[in-house]
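Structural overview for review
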Amino acid sequence: MNHDGNINSLNMHRGRKRSGNSFRILFPLLVAALTQLTLPVPSQAAGVDKGIMSVEFLYSIEYTSGKADKLREPMDLFFDRQKNELYIVDAASHKIFIYDDNGMFVQDISLMGASGPPTMIAVDKAGDIYVGYASSPKISHLDYKGTPIEDIDLPGILDAPGNTVKPMRLVSGVDGVVYALKSSGGLVKLDPNNEAHEAISISGDGQPNTIVGMGMDDAGRFLFTDMRPYSVVIFDPKQNNFKRFGSAGVLYGQIGRPAGVSADEAGHIFVLSGTLSKVSCFDKEGNFIEEFGKFGDKYGQFYMPTKIASDGKNRLFVLENALKRIQVFGIRFLKEEKPASSPHT
């Protein structure tokens, strides 16, 4: 990618409709891409390379020529690290779309007849799927094939007229259990048997004020992006304490209108800044490492990104609802890599 965000033919762009002439021109390039005659190129969206982090645009999931896997209004995403599959929930089509880690379509699951437009998704260690909705207090519990098991009623939420408390976010922890964030009243650790859900308070000194995004790291800590002030709050339920990091602003290393948050197995924390159109990277203690991204609709650029997921190792998935796409990046932390051993040593 050059500094204007242009890329070569291996973008694997699944989407914009072309005229017949454009198709004839682009078809040889597509064939070359699929036969790997060209390679992904490093993203320059981060600006000047400081030798800290390498970012490589890999591909974008938008839509293919088939109708079955067409994204219309992607709202949330979840990467299943056991199956190496990406789940995307789409509010307009009322479907879950599943892709492998190379961006190839696997299947879709219909949510028609459920409780309104789906807006959140998570998968537990058994492969069961949990879906939340914009206008319902219930969580749908499905098996790994997408067959409905039952609807889950969260404690403290009444399915009655006038009820204003609803699920806001879903996340799956390192323990393989799904947790739900309520609009009021804290967290709920979901029991897949729908018998003994556990309420978890998130109140105390340093608590988040206005939560936007939620994630979990491999230490079992909850990660919240907070609007007041723009920052990230780490909540350790074992110690029952909070730690806030990040500063509001438009400068390098600062956060602007935080959105999604995720973490990898090494403890790196990735935070989306919606208005600044970038991904900020921090270590597990909240110390800033590097950032990448800039405003735009080309690959390697972002237009109001909303959700982010990590495969746990070296890939990031960034959802842009307005552009109906998910961009996938390869991430390397250069200063953390061990030097290759010499064959003579």
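Residues numbered from 1 in each chain as written. Predicted model: local features only at pLDDT ≥ 70, side-chain atom pairs only at ≥ 80, totals over all residues. Heavy atoms only, no water.

This part covers the overall build of the chain. In terms of helices and strands, the chain carries 1 helix and 24 strands. Residues counted as buried form 50% of the 345 residues belonging to the chain. Considering only contacts within the chain whose residues lie at least 6 apart along the sequence, 49% involve residues at least 24 apart. Of the roughly 16100 Å² of accessible surface on the chain, 52% is carried by carbon and sulfur atoms. (Helix = DSSP H or I, 4+ residues; strand = E, 2+ residues; numbered from the N terminus. Buried < 20%, exposed > 50% of the residue type's maximum accessible area, 1.4 Å probe, protein only. Contact = heavy atoms within 4.5 Å. Areas by Shrake-Rupley, 256 points an atom, 1.4 Å probe, with all protein chains shown as cover.)

Attention now moves to the nonpolar core. Note that soluble globular proteins tend to have their nonpolar side chains buried in a common cluster. Within the largest apolar cluster, 26 residues are counted, with the highest numbers of intra-cluster contacts made by Ile96, Ile129, Val131 and Leu190. Of all the elements in the fold, those that place two or more residues in this core are strand 3 (85–90), strand 4 (95–100), strand 6 (118–123), strand 7 (129–133), strand 8 (138–142) and strand 11 (178–182). Membership of the second largest hydrophobic core comes to 19 residues, among which are Phe57, Ala259, Phe270 and Phe329. (Core = buried A, V, L, I, M, F, W, Y, C linked by side-chain atoms within 4.5 Å.)

All right, on to unusual backbone geometry then. For the bond running from Arg228 to Pro229, omega is -10 degrees, close enough to zero to count as cis. Along the chain, the position of Pro229 falls in the loop between strand 15 (222–227) and strand 16 (230–236). The residue His94 is not glycine, and still its phi comes out positive at about 55 degrees. Relative to the helices and strands, His94 is located in the loop between strand 3 and strand 4. Relative accessible area serves as the criterion here: at 19%, His94 is assigned to the buried category. Located in the positive-phi region is Asn240, a residue other than glycine, with phi close to 55 degrees.

With antiparallel pairing, 4 strands are arranged side by side in an open sheet as 2-3-4-5. Both edges of this open sheet fall to strand 2 (74–80) and strand 5 (105–110), since each of them pairs with a single strand only. Shown here is a sheet whose adjacent strand axes are inclined to one another by a mean of 20 degrees, direction ignored. Examined bridge by bridge, strand 3 and strand 4 share 6 bridges and lie antiparallel to one another. Within strand 4, the residue paired with Leu86 across the bridge is Tyr99. (Pairing = 2+ DSSP bridges. Axes fitted to C-alpha atoms, helices over the stretch in contact; angles between N-to-C directions.)

Moving on, we come to the pattern of salt bridges. This model, assessed by the stated rule, comprises 10 salt bridges. Notably, a salt bridge pairs Glu291 with Lys278, separated by 2.8 Å at the nearest N-O pair. Of this pair, Glu291 sits in strand 21 (residues 288–292) while Lys278 sits in strand 20 (residues 278–282), placing them 13 residues apart in sequence. For Lys278, a relative accessible area of 4% puts it in the buried group. (Salt bridge = Lys/Arg side-chain N within 4 Å of Asp/Glu carboxyl O.)

This part is about the sheet that holds strand 6. Pairing between the strands of a sheet is mediated by backbone hydrogen bonds and can be parallel or antiparallel. Strand order in this open sheet of 4 strands is 6-7-8-9, and the pairing throughout is antiparallel. Edge positions in the sheet fall to strand 6 and strand 9 (148–153), since each has one partner strand and no second. Each neighbouring strand pair of the sheet contributes to a mean axis angle of 25 degrees, computed without reference to strand direction. Of the strand pairs in this sheet, strand 8 and strand 9 are connected by 5 bridges, and their pairing is antiparallel. Each residue of the ladder has a partner; that of Lys138, found in strand 9, is Asp153.

Another point: the environment of Ile109. Mapped onto the secondary structure, Ile109 falls in strand 5. As a C-alpha pair, Ile109 and Gly146 span 37 residues in sequence and 5.9 Å in three-dimensional space. Each residue touching Ile109, except ones within four places of it in the same chain, is listed here: His94, Lys95, Ile96, Ile98, Ile129, Leu142, Lys145 and Gly146.

All chains considered together, the criterion is met by 16 aromatic pairs. Their ring planes at 35 degrees and their centres at 4.8 Å tell us that Phe57 and Tyr299 sit as a pair that is tilted. In this pair, Phe57 sits in strand 1 (residues 53–61) while Tyr299 sits in the loop between strand 21 and strand 22 (307–310), placing the two residues 242 residues apart along the sequence. Each of the two residues, Phe57 as well as Tyr299, counts as buried. Taken together, the ring pairs connect Phe57, Phe292, Tyr299, Phe302 and Phe329 into an aromatic cluster. (Phe/Tyr/Trp six-rings, centres within 6.5 Å; stacked < 30°, edge-to-face > 60°.)

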